[in-house]
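Listed here are the chains, written in short residue letters.
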Amino acid sequence: MLTDGDLSLPGIVAAVAAPAVTLATARLDRRVMLCVLMAVLAVADVLAAVATSYWIMLFSRVLVGLTIGGFWSIGAGLAARLVPPRSVGAATALIFSAVPLGSVLGVPAGTFIGHLAGWRTAFLTLAALSLLVLVALLVLLPPLPAQEVTSGRVLLGLLRERGTRIALPATFLIVLAHFGTYTYVTPFLQHVTHLDPAAVSATLLAYGVAGTAGNFLASKAVATAPRAAFMACGGLIALTTLALPVAGTTAAGAVVLVVLWGLAYGGVPVCSQAWFMNAAPRTPEAATVVFTSSFQATFALGALAGGRVVDAFSVSTAMICGGLTALLMAACLWSLTRPR
């Protein structure tokens, strides 16, 4: 069985892979790179399906992390090259809508297939889906030759920008808060709210739908008020996670709070990337690399930190710690961006 550290491994690898893959492939066609990464993902899923040892499974998770880091660092910023300028915001929101939907629908779908036909079949199904996406990329995506050469110097220069120095701590704190809590929301709903498995699944599905809505709402708000949008996401995550140990003991209270939580978190990736992109409008791919790397590294750290709090105290304590961290994020963002 994989430990908390093993489950966080893809996030750690993705954090390293985001700059490494982008720098190593800076002059290659981005369509080619996306296709290669989808092929790697298919290989990773096949390895997991046929794994006969812990180390093979662990290696497959490393390949998944490599794919996540490389794919997001290259693909998340391509909207501007694929749609007219007036549609870039909506296209970016559509890309990031995969985050809440994938988080919520992926696990139940995998669990359902695993119950029907075994966990190896679930991984083979993922491999088949990866190959379908690969074919779609080959057929539908136009050639995307590299327009900017992302170098180490460009990335280091981006880290010196004031906007980046604001985006990094804000992203760190809000992602830490979210994944330190959401990773353990199912045990909370089961053991504190006492929902049955079907109700838990329905609640998480509602979270995913709300997250998608929050994603599109944030894409509109961030165009005119990025500071207010990001602070609102952090403040609402703080409110919901702090309230869960009290109001989440009833089914109605828990469902309402989890849905509001999904609405808030759905806007986080859009708001965070917008800050990085605004800090480096001439080097969007470099901005996306820093965004992806910081996001993935903190995701892994959040899951580990939340697990330690749950083991040492309780899942309700983890919710409170996450809420205080989200509150700190909103306060830091307000302080760093207020008029001097």
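What you see is a predicted model; the values in this text were computed from it and never measured.

**Q** Describe the nonpolar core, and please don't skip the residues or the numbers.
**A** Of all hydrophobic cores here, the largest spans 56 residues; its most connected members are L189, F230 and W261. Top element by residues in this core is helix α9 (residues 162-182). It accounts for 9 residues. Those residues in contact with W261 that lie beyond four places of it in its chain are H178, T181, Y182, V185, Y207, I237, T240, T241, L244 and M319. One finds M33, L63, L137 and L141 within the second-largest nonpolar core, a separate group that totals 17 residues.

**Q** Tell me about the packing of aromatic side chains, residues and numbers included.
**A** Overall, the coordinates contain 8 aromatic pairs when judged by the stated rule. Geometrically, the ring pair formed by F179 and F299 is edge-to-face, given 4.7 Å between the ring centres and 75° between the ring planes. In this pair, F179 sits in helix α9 while F299 sits in helix α15 (residues 284-312), placing the two residues 120 residues apart along the sequence. Residue classification places F179 among the buried residues on the basis of a relative accessible area of 12%. With a centroid separation of 4.5 Å and 15° between ring planes, the pair formed by Y182 and Y207 is classed as stacked. Taken together, the positions of Y182 in helix α9 and Y207 in helix α11 (residues 197-224) put the pair 25 residues apart, joining distant regions of the chain. Classification of Y182 as buried rests on a relative accessible area of 12%. Among the aromatic residues, ring-to-ring pairing joins F179, Y265 and F299 into one connected group.

**Q** Describe the packing of helix α12 (residues 226-247) against helix α13 (residues 251-266), listing the residues and the values that go with them.
**A** At a minimum axis distance of 9 Å, the contact between α12 and α13 shows a crossing angle of 160°. Comparing their axes, α13 and α12 come out roughly antiparallel. As α12 runs across α13, the sense of the crossing is left-handed. Contacts from C233, L236, I237, T240, T241, A243, L244 and A247 in α12 reach G253, A254, L257, L260, W261, A264 and Y265 in α13. Of the residues assigned to the contact of α12 with α13, the class counts are 12 nonpolar, 3 polar and no charged.

**Q** Describe in detail helix α7 (residues 119-140), supporting the description with residues and values.
**A** Taking 1.5 Å as the rise per residue, α7 with 22 residues should run 32 Å; its terminal C-alpha atoms sit 32 Å apart, in good agreement. Those residues of α7 lying buried are A122, F123, A127, S130, L134 and L137. The buried residues of α7 occupy an angular sector of 145° when the element is viewed end-on, so they sit on one face. In α7, the exposed positions angled more than 90 degrees off the buried face are occupied by L132, V139 and L140.

**Q** If you had to explain the side chain of R31 to someone new, which residues and values would you point to?
**A** Among the structural elements, R31 can be located in helix α2 (residues 30-50). Here R31 occupies a buried position and makes no salt bridge, while the nearest side chain of opposite charge, D29, is found at 5.8 Å.

Cut-offs used in this document
Residues numbered from 1 in each chain as written. Predicted model: local features only at pLDDT ≥ 70, side-chain atom pairs only at ≥ 80, totals over all residues. Heavy atoms only, no water. Core = buried A, V, L, I, M, F, W, Y, C linked by side-chain atoms within 4.5 Å. Buried < 20%, exposed > 50% of the residue type's maximum accessible area, 1.4 Å probe, protein only. Helix = DSSP H or I, 4+ residues; strand = E, 2+ residues; numbered from the N terminus. Contact = heavy atoms within 4.5 Å. Phe/Tyr/Trp six-rings, centres within 6.5 Å; stacked < 30°, edge-to-face > 60°. Axes fitted to C-alpha atoms, helices over the stretch in contact; angles between N-to-C directions. Parallel < 35°, antiparallel > 145°, perpendicular 65-115°, else oblique. Left-handed = near helix turned anticlockwise from the far one by under 90°. Nonpolar A, V, L, I, M, F, W, Y, C, P; charged D, E, K, R; others polar. Expected span 1.5 Å × (residues − 1). Arc of directions from axis to C-beta. Lys, Arg positive; Asp, Glu negative; His and termini not counted. Salt bridge = Lys/Arg side-chain N within 4 Å of Asp/Glu carboxyl O.

Geometry only, nothing functional implied.
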